[in-house]
Amino acid sequence: MQRSGRISRGAVTPAGLRREAVRIAALYALLGGAWIIYSDRILASLVVDPLLLIRLQTAKGWLYVGVTALLLAWLINRNLLAAARPAAELEDRVAERTAQLEGLNRALRASEDRFRALYEEIPAMYFTVDSSGTVISANLFGAEQLGYSVQELTGRPVLNVFHEEDRQAVQEQFDACLRAPAGEAVSWEFRKRRKDGSILWVREFARATEDAAGNKVVLIVCLDITDGKLADEEIVRLNAELRRHGAELEEANRKLTELDRLKSMFIASTSHELRTPLNSIIGFSSILLDEWIGPLTDEQKENLATVLRAGKHLLALINDIIDISKVEAGQIDRQISEFDLGELLEEAGRECADEAATRGIELRIEPVRLFMHTERRRLYQCVLNLVSNGVKYTERGSVVVTAQPSGAGRVTIAVTDTGIGIREEDRPRLFEPFSRLDSPLKSRVPGTGLGLYLTRKLAREVLGGEVALASRPGEGSSFFLTIPVRSEEGGIASGGTP
Ligand code: ADP
């Protein structure tokens, strides 16, 4: 500002120059006239010799010319050159400004190039549409995504690229965008149709603004969301399928439950039917074997003993099956009573004492006095199974039964034998129904493969406890039955766990 002010003060206008020239001319005329008049008079009064006077007048004339020439040169230098200086300064300033402008222009061009590259190549579609819905411009990426060239889109109604079914809704959104307050963006999701007819799901953000000429235009940024939409549709489809499968599964489950109930009913009723004749077979073969009816030959005795063994085996099997089906059907009669655990263990020991004695095995029940409040009959069944297994699968040594409180109102009954033991890899099969492990004793000792399965079922579902095992092949096994000392009346779940 300051610089330009100085330039304007020193600037010489043509009128100023003219005034300066008149001033110099007037001054020149004044001085010249005064010089001519007074120098001649003075010279004539001083010099008498006419020849000398002429010479002096000539010299005076030259002096006049020299002085005025010098004066003129001084005046020109002072006024005209000084007047020309601001013009030169102005020229310098103009050149400087021009250079600055060129630099700015170059920066602007570079910035525009960058913007254009961004506009064309960024993976988003840009459209500018006028208020009638005609495409004014589209970026290359946008056009390519739709399978068109930029020229093919420009000047055409933007609705043309939308799916026919969505056009009405697009028009409404577009109108809403035009009506929206300045600067407010409107967004929507619709289907577009590519040139080849395929569908493209897009999310668009639109904002109305004005172009350089003041016309209303809508700027649209458009993103491809086809993958996400397809994934959503797939999720919806999978969900529907899942629901259908769930319903099928529920139906299958209902049928299975019904079948299971029928199976249990069938087993329970047929087993009862089997138990009656079996009891007769066992009873009468015992009577015959004891020779109450009359003496028997050795061969008859041997045959009858086989009948008795087979009958007992079958009865044990049927009893186990009945119990299992009862637990599975949730039909176990729960008779909670107060009893001494020590007595229960002694009773189980007595039951297995003969078998242990026959095999030459020591069976020891460690004394314990602990009053329990639970299902005595089912606990006795579990303990008897474990003790009888201990005796069955021990060839020499001992079977020891102990009971100890194990915290949280529980007691652990341990049956430890010095028998054949159980291999690590056999453990998963141990508690499965009808599963008997391979061992040299398998063919010699009677068994159904249901004892441990039933024991664990009763322990879990009737007594509310668990069965655990520790064993070393060839050294022996320990089975641990841990159950609550006091069972909550009717509070233990039944059925369901295999
Ligand atoms: P089983 O009627 O055959 O005795 P269980 O269900 O009681 O059926 O036992 C399943 C299998 O587990 C048995 O056949 C036996 O192979 C093995 N087993 C059970 N208890 C013992 C034990 N104390 N020592 C070694 N093996 C055992």
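Placed above this text is the structure.
Reading the values: the criteria
- Residues numbered from 1 in each chain as written.
- Predicted model: local features only at pLDDT ≥ 70, side-chain atom pairs only at ≥ 80, totals over all residues.
- Heavy atoms only, no water.
- Salt bridge = Lys/Arg side-chain N within 4 Å of Asp/Glu carboxyl O.
- Buried < 20%, exposed > 50% of the residue type's maximum accessible area, 1.4 Å probe, protein only.
- Near = heavy atom within 4 Å.
- Polar contact = N/O pair within 3.5 Å; in protein donor to acceptor, adjacent residues only side chain to side chain.
- Areas by Shrake-Rupley, 256 points an atom, 1.4 Å probe, with all protein chains shown as cover.
- Axes fitted to C-alpha atoms, helices over the stretch in contact; angles between N-to-C directions.
- Helix = DSSP H or I, 4+ residues; strand = E, 2+ residues; numbered from the N terminus.
- Left-handed = near helix turned anticlockwise from the far one by under 90°.
- Contact = heavy atoms within 4.5 Å.
- Nonpolar A, V, L, I, M, F, W, Y, C, P; charged D, E, K, R; others polar.
- Pairing = 2+ DSSP bridges.
- Patch = residues over 30% accessible without salt bridge, like charges linked within 9 Å, V, L, I, M, F, W, Y side chains within 5 Å.
- Parallel < 35°, antiparallel > 145°, perpendicular 65-115°, else oblique.

1. Here we look at the pattern of salt bridges
So, point 1. Under the defined criterion, the tally for this structure stands at 27 salt bridges.
So, point 2. The salt bridge involving Glu362 is made with Arg364; its shortest N-O contact spans 3.1 Å.
So, point 3. Given the relative accessible area of 35%, Arg364 is considered partly exposed.
So, point 4. The partner of Glu366 in a salt bridge is Arg364, and the shortest N-O contact between them spans 3.2 Å.

2. What about the site of the ligand?
So, point 1. Residues in close proximity to the ligand total 19 residues, the closest being Asn389, Asp417, Arg436, Thr448 and Leu452.
So, point 2. Between the ligand and Lys392 there is a distance of 3.1 Å, counted from an oxygen atom to a side-chain nitrogen or oxygen.
So, point 3. Thr448 is positioned such that a nitrogen or oxygen atom in its backbone is 2.8 Å from an oxygen atom of the ligand.
So, point 4. Surface burial for the ligand is 97%, taken as the share of its 530 Å² of free accessible area covered by protein chains.

3. A short note on the packing of helix 8 (residues 298–328) against helix 12 (residues 451–461)
So, point 1. Where helix 8 meets helix 12, the closest approach of the two axes is 10 Å, and the angle between their N-to-C directions is 35°. Crossing of helix 8 against helix 12: the hand is left-handed. Packed against helix 8, whose contacting residues are Asp320, Asp323, Ile324, Val327 and Glu328, the element helix 12 presents Gly451, Tyr453, Leu454, Lys457, Leu458 and Glu461 at the interface.
So, point 2. A breakdown of the residues in the contact of helix 8 with helix 12 according to their chemical character gives five nonpolar, one polar and five charged.

4. Some details on the sheet that holds strand 7 (residues 362–365)
So, point 1. Spatial strand order, 7-9-10-12-11: five strands in an open sheet with mixed pairing. The sheet is open, and its two edges are formed by strand 7 and strand 11 (466–472), each paired on a single side. Strand-to-strand, the axes of this sheet are offset by a mean angle of 20°, without reference to chain direction.
So, point 2. With four bridges connecting them, strand 7 and strand 9 (residues 398–407) associate as parallel partners. Bridge pairing in strand 9 links Arg364 to Val400.
So, point 3. Where helix 9 (residues 341–359) meets the sheet, it contacts strand 7, strand 9 and strand 10 (410–417), and its direction lies at approximately 175° from that of strand 7.
So, point 4. Contacts from helix 12 reach strand 11 and strand 12 (476–484) within the one sheet, and its direction differs from that of strand 11 by about 140°.

5. Notes on a nonpolar patch on the surface
So, point 1. On the surface, Leu27, Leu31, Leu71 and Trp74 cluster together into a nonpolar patch covering about 380 Å² of accessible area.
So, point 2. Note on placement: Leu31 falls in helix 2 (residues 14–46).

6. A word on the packing of helix 9 against helix 10 (residues 376–392)
How two helices sit against one another is set out by the angle between their axes and by the gap between those axes.
So, point 1. Two elements in contact, helix 9 and helix 10, have axes whose closest approach is 9 Å; the angle formed by their N-to-C orientations is 30°. Overall, the two elements helix 9 and helix 10 adopt an arrangement that is roughly parallel. Read as a crossing pair, helix 9 and helix 10 show a hand that is right-handed. Contacts between helix 9 and helix 10 involve Leu341, Glu343, Leu344, Leu345, Glu347, Ala348, Glu351, Cys352, Glu355, Ala356 and Arg359 from the former and Arg376, Leu379, Tyr380, Val383, Leu384, Val387, Ser388, Val391 and Lys392 from the latter.
So, point 2. Residues belonging to the contact of helix 9 with helix 10 are distributed by class as follows: twelve nonpolar, one polar and seven charged.

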